[in-house]
Amino acid sequence: MAEQSDAIEMILQDCLEKIQNGQSTLEGVLAEHPDLAEDLRPSLEAALWFRMHRATLDPRPGFVAASNRRVLEKIQQEQLAKTQPAPVAGENIFARIWQVLTGQRQLVFQAALVFVLLFVMVAGSGGIAYAAQDALPGDLLYRVKISLENAEETFTQGEAPKADLQIRLAQRRLTEIQSLIAHERLGDIPKTITMFEDHINRAIHHMIAVRDLDQDRAAVLVASMQSVLQEQVGIFNQLAEHASPTLRELIDRIVLVSNGVIGLASETLWTPVRRA
Amino acid sequence: LHDEDYENRNKYVWNTLLRLRWMADVPVVEDHHLLKSAQDGNTEAFGMLYERYANRVFRFLFAHVDNRLDAEDLTEDVFLRVWRSLPNYREQGVPFLAYLFRIARNALIDHYRRSGPVKSQVSIEDLPIPDGDPGPGESAISSLEREELRVSLEQLREDYRTVLVLRFLSELSPEETAQVMGRTPGAVRVLQHRALSALRSMLDGNLR
């Protein structure tokens, strides 16, 4: 009896593999085992039903790429933290101050950059920082623009303002992409899309934090993000009508990610949180 | 690249190879090569493993938690745990995929401890239909289908649910599933058969 049962398990596995590999169909494998067809059919049908629903549990478009970057960033931060020596008691005061400064080197440099850029902005309106506002990816001044944005991000306090900022930056990336398309600079578009995805993902994570504290505020932010993305999707759909195949592929990615996020917002953020 | 080059690879070669992975003539990099490289500290190799398996891990987690964002956070957490434990990983013991899903199961258990398990024994009729337009990225039909799948899973015994999710959503082989669940491949085949029968009976019941 046990042997017969074991044989059925093996045959079931064999049938599943044949169907999965496209070597046969449900009816095909059942025809190969007419004596066991009655036992096999329910299990095979259940397996097919299950597999048919698999796509409903797929991640939203753009998630894997964006989260991959986030994970690698965290890993790199951890590696960096490991390589920095711990302060040693009794060291001279200047050495300890230097350790503190180098331990937060990025923050110190960012702050220094902010002061320099603020000075440039204040001292010479119409100067470099001002000019950088119109810079596009690939331009010489684009790094200045991004540094200013990073500084703004550093000094923005509170989850809601942070989410709002990320939505604005995501929108800015999309308008930059439209300018790049107008200037036929397609080579700079992929990395700008990646930056757009990062802003959107950061916005979502800030919005989750807001949702847990203030659902009304979160709803306003979600509506704002949906409105921005829907408007941009409309623009990109129009651009796609006249686009080359290469450009269309890039636009498709933007539209896919935007629509995925609009759907996610409706599904998860807009509705009240379900607690177990 | 020749085999001996693979054996004597250095970071520079690997990074170049990984950057060029989209080119058709670059051979598929096997998991164990990526793992070895990641163990040597190459984050780019680990990123490739992430791209390769994040979908499967996500599906496994999303099948067990009740919202997408928790599944997203958990997916990242799983891979961070994998990275941190890489120095202790020895391939001879457990294949990478089984190792990855063991960590995913542990992360899920920790998640349950923090927030409690998902609701069980919920009828599909009791589930709220999402308000508003789900948007073109997610149709109302796919949303309902997902709920239908989730309700079916929640009605199954824990080991039935695990074997079905690992086998049909995360696409693990019976051998890999056995490694994750700590059973023999034969026991997994038996469990799979029983789980499918139970699922079929339940679907019949729901349709009636």
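Residues numbered from 1 in each chain as written. Chains lettered and ligands numbered in written order. Predicted model: local features only at pLDDT ≥ 70, side-chain atom pairs only at ≥ 80, totals over all residues. Heavy atoms only, no water.

A.B. asks: Just checking my understanding: could you explain the overall build of chain A for this structure?
C.D. replies: Per the secondary structure count, chain A includes twelve helices and zero strands. Ordered by position from the N terminus, the helices and strands of chain A form the series α-α-α-α-α-α-α-α-α-α-α-α. For chain A, with 276 residues in total, the buried portion stands at 42%. Sequence separation of 24 or more characterises 64% of the internal contacts of chain A that already satisfy a separation of 6 or more. When the accessible surface of chain A is split by element, carbon and sulfur atoms take 58% of a total near 15,100 Å². (Helix = DSSP H or I, 4+ residues; strand = E, 2+ residues; numbered from the N terminus. Buried < 20%, exposed > 50% of the residue type's maximum accessible area, 1.4 Å probe, protein only. Contact = heavy atoms within 4.5 Å. Areas by Shrake-Rupley, 256 points an atom, 1.4 Å probe, with all protein chains shown as cover.)

A.B. asks: Teacher, can you tell me more about the overall build of chain B here?
C.D. replies: Looking only at helices and strands, chain B has ten helices and zero strands in total. Mapped from its N terminus to its C terminus, chain B presents α and β elements in the order α-α-α-α-α-α-α-α-α-α. Expressed as a percentage of its 208 residues, the buried residues of chain B come to 51%. Partitioning the intrachain contacts of chain B with sequence separation of at least 6 by distance along the chain shows that 63% fall at a separation of at least 24. Summing over all exposed atoms, chain B offers an accessible surface of approximately 9,900 Å²; the carbon and sulfur share of this is 50%.

A.B. asks: For this particular structure, what's the right way to read the pattern of salt bridges?
C.D. replies: Two side chains that carry opposite charge are able to pair once their charged atoms sit near each other. Inspection of every chain in the model, using the stated rule, returns 34 salt bridges over all chains. In this structure, Asp159 of chain B and Arg157 of chain B form a salt bridge, with 2.6 Å as the shortest nitrogen-oxygen distance. Since its relative accessible area comes to 15%, Asp159 of chain B is described here as buried. Residue classification places Arg157 of chain B among the partly exposed residues on the basis of a relative accessible area of 47%. Here the salt bridges share partners, and the residues they tie into one network are Glu27, Arg41 and Glu45 of chain A together with Arg200 and Asp204 of chain B. (Salt bridge = Lys/Arg side-chain N within 4 Å of Asp/Glu carboxyl O.)

A.B. asks: Could you clarify how one ought to interpret the interface of chain B and chain A in this entry?
C.D. replies: When the parts of a complex come together, some accessible area is lost, and that lost area is often used as the size of the interface. Every contact between the two is made by 59 residues of chain B and, on the other side, 50 residues of chain A. The largest contributions to the chain B side of the interface with chain A come from Leu69, Glu76 and Phe168 of chain B, which together make up 13% of the buried area. The tally of links between chain B and chain A comes to seven salt bridges. Residue Arg200 of chain B is joined to Glu45 of chain A by a salt bridge in which the shortest nitrogen-to-oxygen separation is 2.1 Å. The interface formed by chain B and chain A contains 15 residue pairs in polar contact (both at pLDDT 80 or more). Here the side of chain B that touches chain A is composed, by residue class, of 25 nonpolar, 14 polar and 20 charged. (Buried area = accessible area lost by both parts, 1.4 Å probe. Polar contact = N/O pair within 3.5 Å; in protein donor to acceptor, adjacent residues only side chain to side chain. Nonpolar A, V, L, I, M, F, W, Y, C, P; charged D, E, K, R; others polar.)

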